[in-house]
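The residues making up each chain are set out below.
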Amino acid sequence: MASTDMKLRHILQKAECGESLSSLELQFLLGLSKPDDLNQVFKLARSLRDRYFENKVFLYGFIYFSTYCRNDCTFCYYRKSNVHPKRYRKTESEVLDAAVSAAESGVHLIDLTLGEDPFYYKRYGFSSLVDLVKKVKMNTGLPVMISPGVVPEHVLNDLSIAGADWFACYQETHNKELYKQLRLKQNYDLRFSSKQKAMGSGLLVEEGILAGVGETLPDVAESIESMSRLGAQQVRVMSFVPQKGTPMEQWQSPPRIRELLIIAVLRIVMPDRLIPASLDVDGIQGLQGRLDAGANVITSLVPPKLGLAGVAQSTKDINEGFRTVQGIIPMLNQMGMRAASLDNYYSWIIREKEKLRMLQSREMRAL
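Computed from a predicted structure; not experimentally measured. (Residues numbered from 1 in each chain as written. Predicted model: local features only at pLDDT ≥ 70, side-chain atom pairs only at ≥ 80, totals over all residues. Heavy atoms only, no water.)

## A look at the overall build of the protein chain
Part 1 of the argument: Scanning the protein chain for helices and strands turns up 14 helices and nine strands.
Part 2 of the argument: Radius of gyration (C-alpha) of the protein chain: 20 Å, near the 21 Å computed for a compact globule of 367 residues.
Part 3 of the argument: Dimensions of the protein chain, computed from C-alpha atoms along their principal axes, come out at roughly 65 × 50 × 45 Å.
Part 4 of the argument: Relative to its full complement of 367 residues, the protein chain shows a buried share of 57%.
Part 5 of the argument: Sequence-distant contacts in the protein chain: of pairs separated by 6 or more residues, those separated by 24 or more amount to 73%.
Part 6 of the argument: Counting every atom, the protein chain has about 15700 Å² of accessible surface; 52% of that belongs to carbon and sulfur.
Part 7 of the argument: Once the 46 positive and 41 negative side-chain charges of the protein chain are each reduced to a mean point, those two points are 2 Å apart. (Helix = DSSP H or I, 4+ residues; strand = E, 2+ residues; numbered from the N terminus. Rg over C-alpha atoms; globule rule 2.2 N^0.38 Å. Buried < 20%, exposed > 50% of the residue type's maximum accessible area, 1.4 Å probe, protein only. Contact = heavy atoms within 4.5 Å. Areas by Shrake-Rupley, 256 points an atom, 1.4 Å probe, with all protein chains shown as cover. Lys, Arg positive; Asp, Glu negative; His and termini not counted. Charge placed at Lys NZ, Arg CZ, Asp CG, Glu CD.)

## Overview of the packing of helix 6 (residues 127-140) against helix 7 (residues 153-162)
Part 1 of the argument: Direction vectors running N to C along helix 6 and helix 7 enclose 20°, while the axes themselves pass 8 Å from each other. For the element pair helix 6 / helix 7, the angle class is roughly parallel. Note on packing geometry: the crossing formed by helix 6 with helix 7 is right-handed. Contact residues: helix 6 offers Val 130, Val 133 and Lys 134, while helix 7 offers Asp 158, Leu 159 and Ala 162. (Axes fitted to C-alpha atoms, helices over the stretch in contact; angles between N-to-C directions. Parallel < 35°, antiparallel > 145°, perpendicular 65-115°, else oblique. Left-handed = near helix turned anticlockwise from the far one by under 90°.)

## Quick look at helix 4 (residues 92-105)
Part 1 of the argument: The terminal C-alpha atoms of helix 4 lie 20 Å apart, and with 14 residues this matches the ideal 20 Å at 1.5 Å per residue to within 8%.
Part 2 of the argument: If you check which residues of helix 4 are buried, you get Val 95, Leu 96, Ala 98, Ala 99 and Ala 102. Seen from one end, helix 4 has its buried residues packed into an arc of 165°, which puts them on one side. Exposed residues pointing more than 90 degrees away from the buried face of helix 4 are listed as Asp 97 and Glu 104.
Part 3 of the argument: Looking at the buried residues of helix 4, the elements they touch are strand 1 (56-66), strand 2 (109-114) and helix 6.
Part 4 of the argument: Gly 106 lies just past helix 4 and shows a positive phi near 115°. (Expected span 1.5 Å × (residues − 1). Arc of directions from axis to C-beta.)

## Considerations on the nonpolar core
Part 1 of the argument: Leu 29, Leu 112, Trp 166, Leu 291 and Ile 298 are the most contacted members of the largest nonpolar core, which totals 107 residues.
Part 2 of the argument: Looking at which element gives the most residues to this core, the answer is helix 11 (residues 256-269), with eight residues.
Part 3 of the argument: The residues touching Leu 112, leaving out its near neighbours within four places in the chain, are Ile 63, Phe 65, Val 95, Val 133, Val 136, Val 144, Met 145, Ile 146 and Ser 147.
Part 4 of the argument: Phe 62, Phe 75, Cys 76 and Tyr 78 belong to the second largest nonpolar core, which has 18 residues in total. (Core = buried A, V, L, I, M, F, W, Y, C linked by side-chain atoms within 4.5 Å.)

## Structural notes on the pairing of strand 1
Consecutive residues of a regular strand have side chains that alternate between opposite faces of the sheet.
Part 1 of the argument: Among the 11 residues that make up strand 1, 11 are buried, leaving the element largely enclosed by the rest of the structure.
Part 2 of the argument: Bridge count for strand 1 against strand 9 (residues 338-339) is two bridges, and the pairing is parallel. The residue of strand 9 that forms the bridge with Lys 56 is Arg 338.
Part 3 of the argument: Of the strand pairs in this sheet, strand 1 and strand 2 are connected by six bridges, and their pairing is parallel. Within strand 2, the residue paired with Gly 61 across the bridge is Ile 110. (Pairing = 2+ DSSP bridges.)

## Quick notes on the packing of aromatic side chains
A ring pair, where both rings are aromatic, is described by two values, the distance of the centres and the angle of the planes.
Part 1 of the argument: Following the criterion strictly, the structure yields 13 aromatic pairs and no others.
Part 2 of the argument: Both rings, one in Phe 119 and one in Tyr 120, keep their centres 5.0 Å apart while their planes meet at 85°; by these two values the pair is edge-to-face.
Part 3 of the argument: An angle of 0° between the planes, with centres 6.4 Å apart, marks the rings of Tyr 188 and Phe 192 as stacked. Highlighted residues: Tyr 188 and Phe 192, both in helix 9 (residues 188-200), separated by four residues, approximately one helical turn.
Part 4 of the argument: Given the relative accessible area of 14%, Tyr 188 is considered buried.
Part 5 of the argument: Site record: aromatic cluster; members linked through ring pairs are Phe 53, Phe 58, Tyr 60 and Tyr 345.
Part 6 of the argument: Here Arg 89 stacks its cationic end above the ring of Tyr 68, 4.5 Å away from the centre of that ring. (Phe/Tyr/Trp six-rings, centres within 6.5 Å; stacked < 30°, edge-to-face > 60°. Lys NZ or Arg CZ within 6 Å of the ring centre and 35° of its normal.)

See the structure below:
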């Protein structure tokens, strides 16, 4: 007992001083289960978050505008072979209306998400997607995140020129064998390199993993190290939720403490990164725990009554209005936290993009 307590104190002291943690130290933290130990980890995570972001959180509006996908991921409700989802592809005017509605509600970013829709990949090319990003940016004046899956490098360049600020593309796991079981017939290296290419195009990158899909503690530690090495500006974890009509339908969703502990360790390893607390898994009921674990972004805020879906939970809390800025402000107030200003968010983005440019300049000089 004393040995465990001493080891935990030593690791947390290292992290608080900005020292790197080894894979074994990460696994030690990820394997903790006693409430007192967990509370120490969460306390440090909050302290590090407050060191860089004070008590401010950023708010992301989520527009899942196409539920068609060419992939057959075993965990995803919208896999191409699943007959259960309601498929839709929103028109440009519907997307713009939703984006403006989200902007007017007070979000800091518009997250445009879609499956790898054959409409773009096989039939019409990506010009209409690029044009949509440009119009959302012009109509809202907000930063834009685009989550289109793996796209050609020239499309990443076009999206950046059109005004996209972020490219989101989740690996789900950095264990290549587990990846093969989750993302059937998809190339691991191609997906990972798409994020490196996105940063080369001047886009900020969000990377993420799933919890509860057969990963081990070493797998999670490797994912955290991989996300850190990548230099992703936003890193996330989401708990797996079993989906009707998928090969993993009978799996159990993991205890939420696993996700919360991974959030905290992500914060400890990457204290100045953005880390989401998603409303897509447990709705507003799960928000406080994720913020207490060190998250500083609230994602999956969805305008109600517009027929837009979530991902892990396609309808949860949406039409009730709980996944809106107005729906989450009371909880933020209760926790002593507050929504950042748009200027705060833009300033953060500008600083991170400048770091990217400096890094690319150094790499070019080294060639």
